[in-house]
Amino acid sequence: MEYLLQLAASPTAWVALATLIVMEIVLGIDNLIFISILTNKLPEQHRAKARRIGISMALVLRLGLLSTIAFIVQLTAPVFEVFGQAFSWKDMILIAGGLFLVWKATTEIHHSMDPEPEEKASVGNTVAIGFAAAIGQILLLDLVFSIDSIITAVGMTEHLPIMIIAVVTSVIVMLVAAEPLAKFINDNPTVVMLALGFLIMIGMTLIAEGFGAHVPKGYVYAAMAFSAAIECLNIARRNRHKRLLAARQ
């Protein structure tokens, strides 16, 4: 208890907490986009449940990983070398997760552009999937993003209570934002293609980091924000055009 009171009285701890919360929320955007796209392919009555399960699993994984910080830190230690390039377990997990994201997003883009006649497509002509398959894929990416999130937290502070508060806060924000984001994507099919493009970019970033090429997150999220702003302008223009046509009729 005395340790917690000392943390609460430390301005440095509060700054570290605020910074880490922002970082965890930003890192959670990638996870949330993937969950939103994947759950929108489920029957409507199962979407909210799948989103809650997916985000809840993200919280469980993050808190579980926090309890094994000593092991998580060891994931950054080199395991083997190839042509002078050292690879750790973290690198291999990031590469595997990045490859999965690129494969998944590319597959979804293919089905959106050239859907099979017999497929029952949902929004954006994406192929419907089963509930268990969706949860399995969400769990896989939850693991990748959770490891990245916890390693980031460990690198920013040594205080476990600060890490726990930041992780729980970021997941609560994800829970609150999941429904509006999924609805926005569902109501605007063109956003699906943009979001899939984001997933490819995120996947390539994970692969690059796995191979030791650090990509500043600020550049990635600035590009995503710029693209999203342009798409919002396009949506506003289309909606205005529809209203003008309706007023003339």
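Computed from a predicted model, the values in this text were never measured in an experiment. (Residues numbered from 1 in each chain as written. Predicted model: local features only at pLDDT ≥ 70, side-chain atom pairs only at ≥ 80, totals over all residues. Heavy atoms only, no water.)

Glancing now at the overall build of the protein. Secondary structure summary: the protein contains nine helices and two strands in total. Mapped from its N terminus to its C terminus, the protein presents α and β elements in the order α-α-α-α-β-β-α-α-α-α-α. For the protein, with 249 residues in total, the buried portion stands at 40%. Considering only contacts within the protein whose residues lie at least 6 apart along the sequence, 79% involve residues at least 24 apart. A total accessible area of about 13,200 Å² is found for the protein, and carbon and sulfur atoms account for 70% of it. (Helix = DSSP H or I, 4+ residues; strand = E, 2+ residues; numbered from the N terminus. Buried < 20%, exposed > 50% of the residue type's maximum accessible area, 1.4 Å probe, protein only. Contact = heavy atoms within 4.5 Å. Areas by Shrake-Rupley, 256 points an atom, 1.4 Å probe, with all protein chains shown as cover.)

Right, let's talk about helix 2 (residues 11-39) for a bit. With 29 residues, helix 2 ought to run about 42 Å at 1.5 Å a step, and its terminal C-alpha atoms sit 41 Å apart, in line with that. Most pronounced at Ile-29, the bend in helix 2 amounts to some 30 degrees. (Expected span 1.5 Å × (residues − 1). Bend = angle between axes of the 7 residues up to and from the residue.)

It is worth spelling out the nonpolar core at this point. Counting 53 residues, the largest nonpolar core has Phe-34, Leu-101 and Leu-199 as the members making the most contacts within it. At the level of elements, helix 2, helix 3 (44-66), helix 5 (89-113), helix 6 (131-156), helix 7 (160-187), helix 8 (189-210) and helix 9 (217-248) are the ones that each hand at least two residues to this core. The element that contributes the greatest number of residues to this core is helix 2, accounting for twelve residues. Once residues within four sequence positions are removed from consideration, Leu-101 is found in contact with Phe-34, Leu-141, Phe-145, Leu-199, Ile-202, Gly-203 and Leu-206. (Core = buried A, V, L, I, M, F, W, Y, C linked by side-chain atoms within 4.5 Å.)

With that out of the way, let us pick up unusual backbone geometry. Backbone geometry places Phe-83, a non-glycine residue, at a positive phi of 55 degrees. Structurally, the position occupied by Phe-83 is in the loop between strand 1 (78-82) and strand 2 (85-88). Given the relative accessible area of 88%, Phe-83 is considered exposed.

A few words now on the packing of helix 2 against helix 3. Where helix 2 contacts helix 3, the two axes come as close as 9 Å, and the packing angle between them is 150 degrees. Between helix 2 and helix 3, the crossing angle belongs to the class labelled roughly antiparallel. Relative to helix 3, the crossing made by helix 2 is right-handed. Residues Asn-31, Leu-32, Ile-35 and Thr-39 of helix 2 touch helix 3, and the partners they reach there are Arg-47, Ala-50, Arg-51, Gly-54, Ile-55, Ala-58 and Arg-62. (Axes fitted to C-alpha atoms, helices over the stretch in contact; angles between N-to-C directions. Parallel < 35°, antiparallel > 145°, perpendicular 65-115°, else oblique. Left-handed = near helix turned anticlockwise from the far one by under 90°.)

Turning next to the pairing of strand 2. The side chains of a regular strand alternate between the sheet's two faces. Note: strand 1 against strand 2, four bridges, orientation antiparallel. Opposite Val-82, over in strand 2, you have Gln-85 as the bridge partner. As consecutive antiparallel partners, strand 1 and strand 2 are separated by two residues, and within that stretch Phe-83 has a phi angle of approximately 55 degrees, a positive value. (Pairing = 2+ DSSP bridges.)

Summarizing the sequence annotation, UniProt attributes the feature "transmembrane region" (unreviewed entry) to residues 12-38, 59-80, 86-103, 123-147, 159-178, 190-212 and 218-236 in the numbering used throughout. Each end of residues 86-103 is marked by a C-alpha atom, and these two atoms are 25 Å apart; helix forms 83% of the span and strand 17%. Between the C-alpha atoms that bound residues 159-178 there is a distance of 29 Å. The span itself is 95% helix and 0% strand. (UniProt positions renumbered as here; feature names shortened; annotations may be inferred.)

So, about a nonpolar patch on the surface. Side chains of Val-79, Phe-80, Val-82, Phe-83 and Trp-89 sit close together on the surface and give an oily, nonpolar patch of about 560 Å² of accessible area. Top contributing element to the nonpolar patch by residue count: strand 1, with three residues. By secondary structure assignment, the location of Phe-80 is in strand 1. (Patch = residues over 30% accessible without salt bridge, like charges linked within 9 Å, V, L, I, M, F, W, Y side chains within 5 Å. Salt bridge = Lys/Arg side-chain N within 4 Å of Asp/Glu carboxyl O.)

Time to look at the side chain of Thr-205. Locating Thr-205 in the fold gives a position in helix 8. According to the relative accessible area criterion, Thr-205 is buried, its value standing at 9%. Looking at Thr-205, its side chain comes within polar contact range of the main-chain oxygen of Met-201, at 2.8 Å. (Polar contact = N/O pair within 3.5 Å; in protein donor to acceptor, adjacent residues only side chain to side chain.)

All right, on to the pattern of salt bridges then. Here the structure, examined in full by the defined rule, presents two salt bridges. One salt bridge in this structure joins Glu-179 and Arg-51, with 3.1 Å as the shortest N-O distance. In this pair, Glu-179 is assigned in helix 7 and Arg-51 in helix 3, connecting sequence segments 128 residues apart. For Glu-179, a relative accessible area of 43% translates into the label partly exposed. A salt bridge links Glu-231 to Arg-238, with the nearest nitrogen and oxygen atoms 3.4 Å apart.

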